[in-house]
Structure formats: C-alpha cells, structure tokens
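Structural features, examined
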Amino acid sequence: MMLAVDIGNTNIVLGVYRGRELLHHFRLSTARQSTADEYGVLIHNLFHMSNISFRDVEGVIISSVVPPLVQVIVEMCVKYIGKEPLLVGPGIKTGLNLRYENPREVGADRIVNAVAAIEQYQCPLVVVDFGTATTFDCIDAGANYLGGAIVPGLGISTEALYQRASKLPRIELEKPKKVIGRNTVHAMQAGIIFGYAGQVEGIVRRIKAEMNAPVLKVIATGGLATLIAGETECIDEVNPMLTLEGLRIIYDRNK
C-alpha cells in the first residue's frame, strides 16, 4: 500500500492506495503545535479502525503548504511507518511543464492538482481548489501549466466579516433559501455564498477570454467545492479526490 498525505492550512488529507485504487481516505485538522508522536497515535488509530497496519505501507508521499509541519510528518513516517517519505518539491519528477515566471513559487498543492487534472481530463482546463485560499490553475491545450489566480477562501471571508464588523455574528457556511435575506444570518450567507459563486464565474469567464478557449473544462476540488459548484454553471465537475490522485501519480513517476 501507499500513503498519500496532503498538508493544507486547514486540513490534512490522507489517502491509502493499493496500486491505482483508493482504499481509504481521512481528513484531519491541521494542528501546527502537534508533535510527530501525536500525529502517529492519531493516524494509527484511524488505520486500526480501517483494518490497516503501518506494516502494510510500502511508501509515503507528502505535499504541503505548511512548512513547519513537513518535518513533523516526516518524523512521524520514519518513526512509526519506517519509511522516508517522498516530498513534492524541487527535484521531484512531476511531468508538468511549468510556464510560471518562477516555478519554485508554485505551491505543491497546485502542482499536484494540475498533474492529476492533465491525467484525467482533456486539456485545456482550469482547476479551482476551494481551500483556505481558493486557487485557479490554468492548463492550456498543450498541457502546459500557465499560472492562475488566488483569492481568499470562503472561510477567511466569513471570519473577516465576523472579526471586522462589530454587530455581525459568526455564521455557518450554508446555502440560504433566497438571495434576499430576511435576517442577518441569512443575509450574510446569501452575500457570501452567492457572491462567491459570482466571483468564481467572473474569474473563469476572464480566464476563458485570456486563454482564447471558450470551450474549457472547469474542475472543482477542495473541501468547499460542492457548496459553490451547486450555485454556478461554470463548474463542469467536482472531484474531491483530485489532490490525492495527483500524489499517487507523482509517486508512481518517482518510484
């Protein structure tokens, strides 16, 4: 088996693969203060409930946008799984042709998503990852990674309203029944959800025009992808496992 680990700002997502098959996946809160031992115990318990043993894991691959946690998870892998993990970063074989001004600036999550999208879908395409930040990654018809856009995520936007506007409450990210809210909570939900959907549509429309690609497949991934995808027609498909698939592909290319 192979363990794929995606360390994000909000969540750590784990995927256990046997060959190309995703057997199990887990989502943990990103806790920057946790130790290798704490993560080892937590992941061991998740594995145990799924009838998986650390001894079954033949390799590990990690992508991360949280530098302080990389060494913690590496230490956990070495100590508890007995494997030195492969890290997505400079020097690793991805097969991705980066047209970015400085390729080292591209986040590991964006690289992994692009690799998976190119493998699974026909180019040109755009990957929209709804995470702590929402990223738009553009791949042209020649499977070249062009770059994209980064905007504050839904959670950040919601929390900013609560923190900066004294009389506004902290709310749940849920779709309201109508755009005209009849109370403060529904009004905030309408503005955030429908406003965010409009933002996604606007950015995708500009990307299509700039790439001169009116027929462009748009793939959504990330924890909040389903919430927004249901409110816009510009997203063609939601693939919540896109990042894990990208990690599997890169692992296979570097074995």
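Residues numbered from 1 in each chain as written. Predicted model: local features only at pLDDT ≥ 70, side-chain atom pairs only at ≥ 80, totals over all residues. Heavy atoms only, no water.

Looking now at the pattern of salt bridges. With the rule as written, the count across this model stands at eight salt bridges. The salt bridge partner of Glu 119 is Arg 253, with a shortest N-O separation of 3.3 Å. Taken together, the residues Glu 119 in helix H3 (residues 108–120) and Arg 253 in helix H7 (residues 242–254) connect sequence positions 134 residues apart. Residue classification places Glu 119 among the partly exposed residues on the basis of a relative accessible area of 41%. (Salt bridge = Lys/Arg side-chain N within 4 Å of Asp/Glu carboxyl O. Helix = DSSP H or I, 4+ residues; strand = E, 2+ residues; numbered from the N terminus. Buried < 20%, exposed > 50% of the residue type's maximum accessible area, 1.4 Å probe, protein only.)

A few words now on the UniProt feature "active site" (unreviewed entry) in the chain. Per the UniProt record, "active site" (unreviewed entry) is annotated on Asp 109. A residue is classified by how much of its surface remains accessible, and Asp 109, at 18% relative accessible area, is buried. (UniProt positions renumbered as here; feature names shortened; annotations may be inferred.)

The subject of this paragraph is the nonpolar core. Counting residues in hydrophobic clusters, the biggest one holds 29 residues, and the most contacted among them are Ala 4, Ile 61, Val 88, Leu 125, Ile 139 and Leu 247. Considering every element that reaches this core, the biggest residue donor is H3, with seven residues. A domain split of this core shows at least three residues from each of domain 1 (2–87) and domain 2 (97–247). Apart from the residues within four sequence positions on either side, Leu 247 is in contact with Ala 4, Val 5, Asp 6, Ile 61, Ile 62, Ser 63, Val 88 and Val 112. Counting residues in hydrophobic clusters, the runner-up holds 28 residues, among them Leu 3, Ile 7, Ile 12 and Phe 26. (Core = buried A, V, L, I, M, F, W, Y, C linked by side-chain atoms within 4.5 Å. Domains from an automatic or database assignment. Contact = heavy atoms within 4.5 Å.)

With that out of the way, let us pick up the packing of helix H1 (residues 36–49) against helix H2 (residues 67–81). Relative to each other, H1 and H2 sit at 60 degrees, their axes nearing to 8 Å. The pairing of H1 with H2 is recorded here as oblique in orientation. Viewed along their axes, H1 and H2 form a crossing whose handedness is right-handed. Where H1 abuts H2, its residues Ala 36, Asp 37, Tyr 39, Gly 40 and Ile 43 lie against Leu 69, Val 72, Ile 73, Glu 75, Met 76, Lys 79 and Tyr 80. Taken together, the residues of the contact of H1 with H2 break down into eight nonpolar, one polar and three charged. (Axes fitted to C-alpha atoms, helices over the stretch in contact; angles between N-to-C directions. Parallel < 35°, antiparallel > 145°, perpendicular 65-115°, else oblique. Left-handed = near helix turned anticlockwise from the far one by under 90°. Nonpolar A, V, L, I, M, F, W, Y, C, P; charged D, E, K, R; others polar.)

This part takes up the sheet that holds strand S9 (residues 144–152). Overall, mixed pairing links the six strands, which are arranged S6-S9-S8-S7-S10-S11 in an open sheet. The sheet is open, and its two edges are formed by strand S6 (97–98) and strand S11 (237–238), each paired on a single side. Alignment of strand S10 (residues 217–221) against S11, held across two bridges, turns out to be parallel. Following the sheet pairing, Ala 220 is matched in S11 by Val 238. Each of strand S7 (125–130), strand S8 (133–139), S9 and S10 is contacted by helix H5 (residues 184–211), which is oriented at about 20 degrees to S8, the strand it contacts most. (Pairing = 2+ DSSP bridges.)

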